[in-house]
Amino acid sequence: MSDDGMGHWYLSEPPDGPQFPSMGGYFDEVFCTLTEGPADRMGSDVPGLVWGCLIWDDPTREQPFRTLDEASVHWRPVH
């Protein structure tokens with residue numbers, strides 16, 4: 001987060017530039033992603049549920065860079 005806004009990054013990739021004007025803008029986008037969709041409106045990591053927990057993951061990404069391991073078979077998309 002900086003005066004330019006807020007971005008995001010992954011351990012396996014360099015940071016992107018600011019994508020949201022503020023934390024409030026980011027949380028609004030998360031809310032819209034969860035309630036309205038589409039699931040990929042914020043990128044390739046999409047919301048899903050595993051054992052009742054909300055997990056953002058890219059269901060097409062192969063291991064070892066996928067967030068989930070043995071729980072991935074239980075992952076179900078929100079949309």
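Quick note: structure is the one above.
So, here's what we can say about the structure. Per chain, the residues get numbers from 1 upward, laid out in the order the sequence is written. In keeping with the model being predicted, local features are shown solely for residues with a pLDDT of at least 70 and side-chain atom pairs are shown and tallied solely at 80 or more, while totals for entire chains, interfaces and linings include all residues. In computing side-chain properties, one takes all heavy atoms of the structure into account and sets aside hydrogens as well as water.

**Details of the overall build of the protein**
- Secondary structure is summarised from DSSP: a helix means a run of H or I of at least four residues, a strand means a run of E of at least two, and numbering begins at the N terminus for each. Secondary structure assignment for the protein yields 1 helix and 3 strands.
- Going from the N terminus to the C terminus, the protein shows its helices and strands as α-β-β-β.
- A buried classification covers 28% of the 79 residues belonging to the protein.
- Here, residues are in contact when the closest pair of their heavy atoms is within 4.5 Å. Considering only intrachain contacts with a sequence separation of at least 6, the fraction spanning at least 24 residues in the protein is 24%. Each residue gets one of three labels from its accessible area relative to the maximum for its type: buried under 20%, exposed over 50%, partly exposed in between, using a 1.4 Å probe on protein chains only.

**Observations concerning helix H1 (residues 23-35)**
- Expected helix span is computed as 1.5 Å times (number of residues minus one). In a regular helix each residue adds 1.5 Å, so 13 residues correspond to 18 Å; H1 covers 18 Å between its end C-alpha atoms and thus fits that length.
- Lining the buried residues of H1 we find strand E1 (46-50) and strand E2 (53-57).

**Concerning the sheet that holds E1**
- The criterion for strand pairing is that DSSP finds at least two bridges linking the strands in question. Spatial ordering of the open sheet is given by E2-E1-E3, a layout of 3 strands whose pairing is antiparallel. Each end of this open sheet is capped by a strand with a single partner; those strands are E2 and strand E3 (76-77).
- Bridging between E1 and E3 involves 2 bridges; their strand directions are antiparallel. Looking at E3, one finds that Gly-48 is bridged to Pro-77.
- Every axis in this analysis is a line fitted to C-alpha atoms, fitted for helices over the stretch in contact. Angles between the N-to-C directions lie between 0 and 180 degrees. Each of E1 and E2 touches H1; the most contacted strand, E2, lies at about 105 degrees to it.

**Structural notes on the pairing of E2**
- Here E1 runs beside E2; their pairing, made up of 5 bridges, is antiparallel. Directly across from Val-46, in E2, lies its bridge partner Asp-57.
- Taking the residues between adjacent antiparallel strands as the criterion, E1 and E2 are bridged by 2 residues, where Trp-51 takes a positive phi near 50 degrees.

**Quick notes on a nonpolar patch on the surface**
- Each patch is assembled from residues with relative accessible area greater than 30% and no salt bridge, linking like charges that lie within 9 Å and nonpolar side chains (Val, Leu, Ile, Met, Phe, Trp, Tyr) that lie within 5 Å. Accessible surface area values rest on a Shrake-Rupley calculation with a 1.4 Å probe, where residue burial reflects the displayed protein chains alone. Note on definitions: salt bridges are taken to be side-chain nitrogens of Lys or Arg within 4 Å of carboxyl oxygens of Asp or Glu. The grouping of Leu-49, Leu-54 and Val-78 at the surface amounts to a nonpolar patch, some 230 Å² of accessible area in total.
- Residue position: Leu-49 is located in strand E1.

**Observations regarding unusual backbone geometry**
- Gly-37 connects to Pro-38 through a cis peptide bond whose omega is -5 degrees.
- Along the chain, Pro-38 falls in the loop between H1 and E1.
- Positive phi, close to 50 degrees, is recorded for Trp-51, a residue that is not glycine.
- Residue position: Trp-51 is located in the loop between E1 and E2.

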